[in-house]
Amino acid sequence: WEKPSNMNNVETWATIPLIINNGADWFASIGTEGSKGTKIFSLVGKVNNTGLVEVPLGITLRDIIYKIGGGIPGNKRFKAAQIGGPSGGCIPEQCIDSPVDFDELAKLGAMMGSGGIVILDEDTCMVDFAKYFIEFLQGESCGKCVPCREGLRRMGEVLTDITEGRGQESSVDLLIDLANVLKDGSLCALGTTAANPVLTTIRYFRDEYEAHINEKRCPAKVCRELIQYVIIEDKCPGCGLCVRACPTGAITFIKEKEPVKLDQAKCIKCGTCYDICRLGAVARQSGNGRG
């Protein structure tokens, strides 16, 4: 509105004295051709060492996760990293050796953004993950422009339908159409970048969307409406821990010191029985019964 603002964050100002003291050539020797210097990231999620890390631009995602972050807890498989904050894109395992700089992140569908890196492991549902950030961004939207205000709301509804088993064959195409409206019609960068979590999860993990929609199955066994808990009789000694912990009385004794019974009609899929059992006698399965 013809009232430009000049905004510099603390990270930018902190770099200036170093450049003055050490010279431009020193600064230019750090990083890559198109992305000079270092970058501070907030490293969080499924990684052993969380916190703020300062790294030279151009470092690979693998080095950030395993050399600095100490790897994934429980030696689980790395699945993806969301880079750039709530509007950042998700970079999959096959791109783990890509350099983290401005140009490469843009090619992959992510961005430097606020410098946040969220590490995801094999137990993450990418559809549910995208839904979480779209719901977060709905609250961040000022509501001034229709594409952002209504586009995010509608996108959240579609993602909710998919995670709850009501997705349709047209749902993914609808999400892509809504994303393009957000990018082309929003007034500010919040709206134009808000669809990144959805676009990149569709780009790299479309098979998970299709499993939710076509098979009514959550491959990661996260989406509550698309999973069920079952008792593995061979492993159940009938100790009763899950019986006492179940909030709805869905788990009951048949006989003392024999495998318990779980009534699916009463089960609210809270996961309490799964969490409390240390013998592996409670299994979490996808909705169609697959393990």
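Residues numbered from 1 in each chain as written. Predicted model: local features only at pLDDT ≥ 70, side-chain atom pairs only at ≥ 80, totals over all residues. Heavy atoms only, no water.

Peer 1: So, the packing of helix 6 (residues 146–163) against helix 7 (residues 171–185): which residues are in play, and what are the values?
Peer 2: Helices that pack against each other are described as a pair by the angle of their axes relative to one another and the distance between those axes. Relative to each other, helix 6 and helix 7 sit at 160°, their axes nearing to 10 Å. By the angle class used here, helix 6 and helix 7 are roughly antiparallel. With respect to the hand of their crossing, helix 6 and helix 7 are arranged in left-handed fashion. Along the contact surface, helix 6 presents Pro 147, Cys 148, Gly 151, Leu 152, Arg 154, Met 155, Val 158, Leu 159 and Ile 162, while helix 7 presents Ser 171, Leu 174, Leu 175, Leu 178, Ala 179, Val 181, Leu 182 and Gly 185. Here the contact of helix 6 with helix 7 is built from residues that sort into 13 nonpolar, three polar and one charged. (Axes fitted to C-alpha atoms, helices over the stretch in contact; angles between N-to-C directions. Helix = DSSP H or I, 4+ residues; strand = E, 2+ residues; numbered from the N terminus. Parallel < 35°, antiparallel > 145°, perpendicular 65-115°, else oblique. Left-handed = near helix turned anticlockwise from the far one by under 90°. Contact = heavy atoms within 4.5 Å. Nonpolar A, V, L, I, M, F, W, Y, C, P; charged D, E, K, R; others polar.)

Peer 1: Help me get a handle on the pairing of strand 6 (residues 227–231), residues and values and all.
Peer 2: Of all five residues in strand 6, four are buried, a share of seventy percent or more. Bridge analysis of strand 6 against strand 9 (residues 282–286) gives five bridges, and the strand direction is antiparallel. The partner of Ile 227 across the bridge, within strand 9, is Ser 286. (Buried < 20%, exposed > 50% of the residue type's maximum accessible area, 1.4 Å probe, protein only. Pairing = 2+ DSSP bridges.)

Peer 1: Quick one: what's the story with unusual backbone geometry, residue by residue and with numbers?
Peer 2: Even without being a glycine, Lys 221 presents a positive backbone phi close to 60°. The residue Lys 221 is located in the loop between helix 9 (196–214) and strand 6 in this model. A relative accessible area of 22% means that Lys 221 is categorised as partly exposed. The phi dihedral of Lys 257 falls on the positive side, at around 60°, and the residue is not glycine. Relative to the helices and strands, Lys 257 resides in the loop between strand 7 (251–252) and strand 8 (261–262).

Peer 1: So, the sheet that holds strand 2 (residues 51–56): which residues are in play, and what are the values?
Peer 2: Spatially, 2-1-5-3-4 is the arrangement adopted by the five strands of the open sheet, whose pairing is mixed. In the strand order of this sheet, the two ends are held by strand 2 and strand 4 (89–92), each with one partner. Strand-to-strand twist across the sheet, computed as the mean angle between neighbouring axes with direction ignored, equals 30°. As paired elements, strand 3 (residues 78–83) and strand 4 share four bridges and run antiparallel to each other. Across the sheet, Ile 83 pairs through a bridge with Gly 89, a residue of strand 4. Set on the sheet, helix 9 makes contact with strand 3 and strand 4; between it and strand 4 the angle comes to about 30°.

Peer 1: Describe a nonpolar patch on the surface, with residues and values.
Peer 2: The grouping of Trp 13, Ile 16 and Ile 20 at the surface amounts to a nonpolar patch, some 340 Å² of accessible area in total. Relative to the helices and strands, Ile 20 is located in helix 1 (residues 10–22). (Patch = residues over 30% accessible without salt bridge, like charges linked within 9 Å, V, L, I, M, F, W, Y side chains within 5 Å. Areas by Shrake-Rupley, 256 points an atom, 1.4 Å probe, with all protein chains shown as cover. Salt bridge = Lys/Arg side-chain N within 4 Å of Asp/Glu carboxyl O.)

Peer 1: Tell me about the pattern of salt bridges, and name the residues and values.
Peer 2: Side-chain pairing between opposite charges can occur once the charged atoms of the two side chains come close. Considering all chains together, one arrives at 17 salt bridges under this definition. The partner of Asp 97 in a salt bridge is Arg 62, with the nearest N and O atoms 2.6 Å apart. Of the two residues, Asp 97 is situated in the loop between strand 4 and helix 4 (102–108) and Arg 62 in helix 3 (residues 61–68); the sequence distance between them amounts to 35 residues. The class of Asp 97 is partly exposed, set by a relative accessible area of 47%. Arg 62 gets classed as partly exposed once you look at its relative accessible area, which sits at 35%. Put simply, Arg 153 and Glu 150 hold a salt bridge, and the shortest N to O gap is 2.9 Å.

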